Structure formats: C-alpha cells, structure tokens
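# Summary of structural features
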Amino acid sequence: MMELGIGLPTMVSGIAGSDLLAWARRAEELGFSALGALDRLMYDGYEPLIALAGAAGATSRIRLATTILIAAYRGDRALLAKQLASLDRLSGGRLTVGVAAGGRQDDYEACRTSYAERGRRLDELLAELRGFWSGESDGPVPGPRAEKGGPPLFVGGHSPTAMRRAAAFGDGWIAGGSSASGYGELVGRVREAWEAAGRADRPRLMAIAYVSLGPDGPEQAAHHLLDYYSFMGWKAEMAVRSVITDAQQLRDFVAGYEAAGCDELLLFPCVQDPGQADLIADAVWR
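This one's a predicted model, so the numbers in the text were calculated from it and none came from an experiment.

Let's shift gears to the side chain of Q276. Its location among the elements puts Q276 in helix α11 (residues 275-285). Here Q276 falls in the buried class, since its relative accessible area comes to 4%. If we ignore the near neighbours within four places in the chain, the residues touching Q276 are W23, V211, S212, L213, P269 and V271.

Spatial strand order, β1-β2-β3-β4-β5-β6-β7-β8: eight strands in a closed barrel with parallel pairing. Between one strand axis and the next, the sheet turns by 25° as a mean value, whatever way the strands run. One ladder, built from four bridges, connects strand β6 (residues 172-175) with strand β7 (residues 204-211); its direction is parallel. Within the sheet, the bridge partner assigned to G172 lies in β7 and is R204. Packing against the sheet, α11 makes contact with β1 (3-7), β7 and β8 (264-269), and its axis sits at approximately 160° to β1.

The subject of this paragraph is the environment of F132. Its place among the elements puts F132 in helix α5 (residues 118-134). A relative accessible area of 13% places F132 in the buried class. C-alpha of F132 to C-alpha of D88: the two residues are 44 residues apart in sequence and 13 Å apart in space.

Formed by 93 residues in total, the largest nonpolar core has its most connected members in F32, W173, Y183 and L265. The greatest single-element share of this core, amounting to seven residues, is contributed by β7. Those residues in contact with Y183 that lie beyond four places of it in its chain are W173, A175, S178, L205, M206, A207, Y257, A260 and C262.

Another aspect to go through is the pattern of salt bridges. All told, the structure shown has 18 salt bridges when counted by the stated rule. For R120, the salt bridge identified is with E124, shortest N-O distance 2.8 Å. In this pair, R120 and E124 are both assigned in helix α5, four residues apart and thus about one turn of the helix distant. A salt bridge links D282 to R286; the nearest nitrogen and oxygen atoms lie 2.5 Å apart. Since its relative accessible area comes to 32%, D282 is described here as partly exposed. According to the relative accessible area criterion, R286 is exposed, its value standing at 63%. Among the ionic contacts, a cluster of salt bridges with common partners joins R77, E117, R120, E124 and E128.

Taken as a whole, this structure holds three cavities of 30 Å³ or more when the rule is applied. In this model, the second largest cavity occupies a volume close to 60 Å³. The wall of the second largest cavity is formed by A71, A72, R74, R77, L80, R121 and L125. For the lining of the second largest cavity, the secondary-structure elements that each account for two or more residues are α3 (77-90) and α5.

Thresholds, definitions, all that
Residues numbered from 1 in each chain as written. Predicted model: local features only at pLDDT ≥ 70, side-chain atom pairs only at ≥ 80, totals over all residues. Heavy atoms only, no water. Helix = DSSP H or I, 4+ residues; strand = E, 2+ residues; numbered from the N terminus. Buried < 20%, exposed > 50% of the residue type's maximum accessible area, 1.4 Å probe, protein only. Contact = heavy atoms within 4.5 Å. Pairing = 2+ DSSP bridges. Axes fitted to C-alpha atoms, helices over the stretch in contact; angles between N-to-C directions. Core = buried A, V, L, I, M, F, W, Y, C linked by side-chain atoms within 4.5 Å. Salt bridge = Lys/Arg side-chain N within 4 Å of Asp/Glu carboxyl O. 1 Å grid on protein atoms, 1.4 Å probe; cavity = no way out; pocket = protein on both sides within 12 Å on 5 of 7 lines; lining within 4 Å. Points joined across faces, edges and corners; volume = space filled by probe spheres on them.

Printed below as a string of structure tokens:
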C-alpha cells in the first residue's frame, strides 16, 4: 500500500517557526508517513536541514525527508556529510535524503559554486556519502556516524541522467509534479535504468505534488506558486494549474499514483495554516 507523507510549508513566505513546528506535530498525530522539505537558497524560505532538525525535536515517530536537497551547491561536502549524519542521529534514524542537481542558477552563484558542473559535483558527493556515514571509509571529519549505516538515499529528476544517477547511487527515485499516467511512464524508465545498472533490487519510488484545499485554496495556491516559480516565467502558470484544490480530485490523484507504482507520495501545502493537514487527511482517509 502506498504511504502518504506531507510537506512542511517552509517556502510559504512569512510562515512563523512556531507554525512549522505545529505542522510537524499535527502531521505526526494524523498518521502521515513523512515530513518533506524543499530546498531553495535565493528565496524567502527556511533552510531545509535546519527546518527538519526543528521538526525532529517536535516529533518522535514521523520520518523526515529532504525532497529534494540541492546538495551540489553546498561547497563543503565534509560539512554536509556531518550535517546529514547529525540530523539522522538526532532524529533516531528517521532521515531520508532526497537529492537532485537543481535548476536555479542563482542558488549556485550565491554559494560561488559552478552551476555548469553541478552534475559532476553531485555524482562525486553521492559516491562518498555512504562510506562517510557507515564508517566504511575514512570520513572527512569525525562522527557522529549516521544510524543503521546511513539514511535511505533518493535521487530526483526526470532526465535520463537523473535516472542513471539514481540507479548508480540511490535506494530509489523521486519525481516532481506529473500526472498519474506521466508518472507511470517515468517509473518504467527508472526500472529500465535499474536493470541497465545491473541491480537486482527494486527501486523505491516516491513523488511530490502540491495541494491547496479549502474555500480559498485555488487563490492561495496561485499567490504562492506564481511567486515561488516566478523565475520560470510563463511556465509558472503550469505549476498553478497542476495544484490539487478539491477533495475528490485529491482522492483520484492518490489512487492514480498508487496504481502507477508509487511507494510514497508527499503532498506539499501552499498555505501557512496547519489546519490544511487536517483537510488533506479528511479528504484521503475519512
């Protein structure tokens, strides 16, 4: 059965830290499988590892997931390896690490890292992380060691390169917004990449989508996403049109992704109010 997680609204501008922690606690109470966090540096939002560390302290059972972390713009891989291991230990082994190369050049420029070389940098980082976490290779800095040999590692992206990267380094793959039919096609490509890499295991398949329920849901989604995706120009309208704003639409969407082979779907809100988690739970489970 597909698991259902929920995103923290870390990129909804102006949200208070207390509201983020209320989100985390309510998501755990409602039975969501994981709390996700997006990553973008040059935007008015919370840094994902710090946000998940706060959520770790406010919860005790729900998993924590970077969905996704743009790891390659972080120039110091030793520091990143220690941050991830620390978060995994602090949370009692609840961390899942999703990474991708990212597509926002300004994030890389702000960190003075090469946007053009982001794929190579990410490959090098992923090749090293497991050894650092598990102790199988000498880490760049002393521990702490991650729990259980390190957190599950997922690679995001729809390109053939991203899928090859997932098969080379990951436990699974994570997709951004799509339709259920589109997701099913992508899943087929991922499985082909797994087979081409000579892997006998089955990739764990994840996805994320935006949800904005309630009377003002469509308006709030448009306000948030047109700003968040403004760098995309007219394509930001496509992101707005893909948002799930109706309870029946959400039920159909969840069923479609489960039928397409998704193992875990994370639903990201477009509003600050933690009550949105209740609306999502009511629509899907009650």
